Amino acid sequence: MKHLTMKKYDFLILGKNQAILEILLRLVNANGDWYGVGFNDEKLAQDYFLENKPDFVLLSSGIEDYIEEDFTTFCIENHPDIEVIQHFGGGSGLLQSEIYDRLYKKGKL
């Protein structure tokens, strides 16, 4: 029987609405296998991204469309295996479902 060992997944969360950013950080960090760091400035987020190569990027509310597009392109160009998820609400269950769906599709669950 194959034994699955869960990897700890690192998240970078980018959002301009500080209250929602804090909620997402709390939800991500409540999972023992996840670790999240949040930013409301895309330049600081890019610096962190290059130094840490997270597994996931969560894009939250308040980001202008062009910044969202530029940041997504930047992430994929610098780390092609990155999972970028646009998350604009819907509760903690939806967030977990989005993340687990991506892990499942990559064969990591």
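Details of the structure are given in the entry above.
Computed from a predicted structure; not experimentally measured. (Residues numbered from 1 in each chain as written. Predicted model: local features only at pLDDT ≥ 70, side-chain atom pairs only at ≥ 80, totals over all residues. Heavy atoms only, no water.)

*Asks:* Quick question: what am I supposed to make of the overall build of the protein here?
*Replies:* Counting secondary structure elements, the protein contains four helices and four strands. In sequence order, the protein lays out its α and β elements as β-α-β-α-β-α-β-α. Every one of the 109 residues in the protein was classed for burial, and the buried ones make up 39%. Restricting the contact set of the protein to residue pairs at least 6 apart, pairs at least 24 apart contribute 72%. For the protein, the exposed area adds up to about 6,500 Å²; of that, 51% sits on carbon and sulfur atoms. (Helix = DSSP H or I, 4+ residues; strand = E, 2+ residues; numbered from the N terminus. Buried < 20%, exposed > 50% of the residue type's maximum accessible area, 1.4 Å probe, protein only. Contact = heavy atoms within 4.5 Å. Areas by Shrake-Rupley, 256 points an atom, 1.4 Å probe, with all protein chains shown as cover.)

*Asks:* Would you mind showing me how to read the pattern of salt bridges here?
*Replies:* The final tally for this structure, using the stated rule, is four salt bridges. Put simply, R102 and E83 hold a salt bridge, and the shortest N to O gap is 2.9 Å. With a gap of 19 residues between them, R102 in helix 4 (residues 92-105) and E83 in strand 4 (residues 83-86) connect regions that are remote in the sequence. In this structure, D101 engages K105 in a salt bridge whose closest nitrogen and oxygen atoms are separated by 3.1 Å. One end of the pair, D101, and the other, K105, are both in helix 4, four residues apart, so they sit about a helical turn from each other. Because the salt bridges share partners, they merge into one network encompassing E83, R102 and K106. (Salt bridge = Lys/Arg side-chain N within 4 Å of Asp/Glu carboxyl O.)

*Asks:* Please explain the sheet that holds strand 2 (residues 34-39) as it appears in this structure.
*Replies:* Taken in spatial order, the four strands make up an open sheet running 2-1-3-4, and their pairing is parallel. The open sheet has two edge strands with one neighbour each: strand 2 and strand 4. Direction aside, the axes of adjacent strands within the sheet are offset by 20° on average. When strand 1 (residues 9-14) meets strand 3 (residues 56-59), the two strands line up parallel, connected through four bridges. Its bridge partner lying in strand 3, F11 is registered against F56. In this fold helix 1 (residues 18-29) packs onto strand 1, strand 2 and strand 3, with an angle of close to 165° to the strand it touches most, strand 2. Strands in contact with helix 3 (residues 65-78) are strand 1, strand 3 and strand 4; relative to strand 3, the strand with the most contacts, it is inclined by about 180°. (Pairing = 2+ DSSP bridges. Axes fitted to C-alpha atoms, helices over the stretch in contact; angles between N-to-C directions.)

*Asks:* Is there a simple way to think about the side chain of N31 in this case?
*Replies:* Take N31: it is sitting in the loop between helix 1 and strand 2. Within the local environment of N31, its side chain forms a polar contact with the backbone nitrogen of D33, the two atoms lying 2.7 Å apart. Side chain to side chain, N31 and Y100 meet in a polar contact 3.2 Å long. (Polar contact = N/O pair within 3.5 Å; in protein donor to acceptor, adjacent residues only side chain to side chain.)

*Asks:* What is the right way to look at the pairing of strand 1 in this model?
*Replies:* Each regular strand displays side chains that alternate between the two surfaces of the sheet. Most of strand 1 sits out of view: five of its six residues are buried. Both strand 1 and strand 2 contribute to a ladder of six bridges, which runs parallel. In the strand pairing of strand 2, L14 is matched with F39. In the classification by handedness, the crossover that spans strand 1, the intervening helix 1 and the parallel strand 2 is right-handed. (Right-handed = clockwise from strand over helix to strand, strands pointing away.)

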